[in-house]
Amino acid sequence: MLLLLLQVSASCFWLGRSEVVTSFEHSCPQFFFRETPPNEALEPENPAWICQHYQNHYYFATLYDRNRRIPVYSAYLYEPASGTRPNTWLVEPQLMGPTYPKTMEKERTLLNNFDLSLDQISESQAVLQDYKNLTDLNRGHLNPSGQHSDSSSRTATFTLTNIVPQNEKLNGGAWNNYEQKTMMSKTEGCNTTYVVVGAVPGNDYIANGRVNIPSYLWSSACCEVDTHHRKSWAVIAENDKNEVQLLTLGELEDVLTQLYGRKQVSLFNSDCPRE
């Protein structure tokens, strides 16, 4: 009981918060077009729905695969701005259990302020050690920091629950070009752009089988031009090639349906055009 009280007390002084919830519809629906998250066709066997919260503000939503220790997707609003790239990596204490604070924090803060070991943290999620000594891979953001408007929102994307092992050339090449140039071009005339970026699990792992290496990365967007006009687009990339394929939203949903082998995938509310 004393430890729990100390945890609650300590959490009051922490600026980052990140909440594991039971659904996005009731907790952080604002990151999805018409408050409609992707359907259950993408849900993993052991999911965690995370409303990513930092410095008293929600910034995006992540569906996390606890078993594979990678995100299934992250959803956010496209609000790019110039700024400094953060260099702080964070983890999610709530993935260890509901008694832990709803915080997004550095590993060393949890180790120093709580009676926790790195083994306890790493049981539920990827940790920094998992991403050391990689060959041809690096830490790839699903929700990229450069598509956010201020330092707090950019820092919030540096939670490892938003990270996958990504091909190094793809991450710094064609994928980066899509994030920075293609998105800027595609969003011309958009008032609000909803983005969902995801990773399809693969057959290989890093960190002695702890963290899955995705076979594909994909991104989709639904743009509101005005009250009566919307447009959409999507891309997919194999995670061992420096190539990005531009698709319609409907084409991406069909490809994901084939890759997952379940029911038809739906990434956005039906009011978002598929062509």
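No experiment lies behind these values; they were computed from the predicted model shown.

Caption draft 1: Expanded view of the environment of Pro 80. With respect to the helices and strands, Pro 80 occurs in the loop between β4 (70–77) and α2 (107–113). In this structure the C-alpha to C-alpha distance between Pro 80 and Asp 150, which are 70 residues apart in sequence, comes to 8.8 Å. In this structure, Pro 80 is in contact with Gly 146, Gln 147 and His 148, ignoring residues within four places of it in sequence.

Caption draft 2: The arrangement of the packing of aromatic side chains in detail. For the structure on display, the rule yields five aromatic pairs. Cluster of aromatic residues (ring-pair linked, three or more members): Phe 24, Phe 32 and Tyr 73.

Caption draft 3: Inspection of the side chain of Asn 239 at higher detail. Residue placement: Asn 239 occurs in the loop between β11 (230–238) and β12 (245–247). Residues in contact with Asn 239, not counting those within four places in the same chain, are Pro 165, Gln 166, Asn 167, Leu 170, Ile 213, Pro 214, Ser 215, Tyr 216 and Leu 217.

Caption draft 4: Examining unusual backbone geometry more closely. The backbone of Arg 34 sits at a positive phi, close to 55°, despite the residue not being glycine. Position of Arg 34 among the secondary structure elements: in the loop between β1 (16–21) and β2 (47–54). A relative accessible area of 40% means that Arg 34 is categorised as partly exposed. Phi is positive for Asp 136, which is not a glycine, with a value near 65°. For Asp 136, the position within the fold is in the loop between α3 (118–122) and β5 (137–141). Relative accessible area serves as the criterion here: at 54%, Asp 136 is assigned to the exposed category.

Caption draft 5: Just the nonpolar core, in detail. Tyr 131, Trp 175, Val 195 and Trp 233 are the most contacted members of the largest nonpolar core, which totals 48 residues. Among the elements that make up this core, the one with the highest residue count is helix α6 (residues 174–186) (four residues). Those residues in contact with Trp 233, other than ones at most four positions away along the chain, are Tyr 178, Met 183, Lys 186, Thr 187, Cys 190, Thr 193, Ser 219, Ser 220, Ala 221, Cys 223 and Leu 247. Judged by nonpolar contacts, the second largest core, of 31 residues, contains Phe 24, Ala 41, Leu 42 and Leu 249.

Caption draft 6: The UniProt feature "domain: ENPP1-3/EXOG-like endonuclease/phosphodiesterase" (unreviewed entry) in the chain, seen in detail. UniProt records the feature "domain: ENPP1-3/EXOG-like endonuclease/phosphodiesterase" (unreviewed entry) at residues 57–267, using the numbering of this structure. Between the end C-alpha atoms of residues 57–267 the distance is 24 Å, and the span holds 23% helix and 29% strand.

Caption draft 7: A look at α6. Relative to the 18 Å expected for 13 residues at 1.5 Å per residue, α6 spans just 16 Å between its end C-alpha atoms, considerably shorter than the ideal helical length. Most pronounced at Gln 180, the bend in α6 amounts to some 30°. Here α6 has its buried residues at Ala 174, Trp 175, Tyr 178, Glu 179 and Met 183. In this fold, the buried residues of α6 make contact with β5, β6 (163–167), α5 (168–172), β7 (192–200), β10 (216–224) and β11.

Caption draft 8: Representation of the side chain of Asp 65. Within the secondary structure, Asp 65 sits in strand β3 (residues 58–65). In this structure the side chain of Asp 65 is engaged in a polar contact, spanning 3.1 Å, whose partner is the backbone nitrogen of Asn 67.

What counts, and where the lines are drawn
The residue numbering used here restarts from 1 in each chain and proceeds along that chain's sequence as written. Only residues with pLDDT of at least 70 are given local features in this predicted model, and only at 80 or more are side-chain atom pairs given and counted; all residues enter the totals for whole chains, interfaces and linings. Side-chain measures were taken over the full set of non-hydrogen atoms in the model, leaving aside hydrogen atoms and water. In this description a helix means any DSSP run of H or I spanning at least four residues, a strand means any run of E spanning at least two, and both kinds are numbered starting from the N terminus. Note on definitions: a residue-residue contact is assigned when non-hydrogen atoms from the two residues lie within 4.5 Å. Whether two aromatic rings pair depends on their centres lying within 6.5 Å, for rings of Phe, Tyr and Trp, where Trp uses its six-membered ring; planes under 30 degrees apart make the pair stacked, over 60 edge-to-face, and the rest tilted. Each residue is placed in one exposure class: buried if its accessible area under a 1.4 Å probe, protein chains only, is under 20% of its type's maximum, exposed if it is over 50%, and partly exposed if it falls in between. Residues enter a nonpolar core if they are buried and are Ala, Val, Leu, Ile, Met, Phe, Trp, Tyr or Cys, with the set joined through side-chain atoms within 4.5 Å. UniProt positions are given in the numbering used here, feature names are shortened, and annotations may be inferred rather than shown by experiment. Expected span of a helix: the number of residues minus one, times 1.5 Å. Note that the bend at a residue is defined as the angle between axes fitted to the seven residues ending at it and the seven residues starting at it. In protein, a polar contact requires one atom able to donate a hydrogen and another able to accept it; more generally it is a pair of N or O atoms within 3.5 Å, and residues adjacent in sequence count only if both atoms are side-chain atoms.

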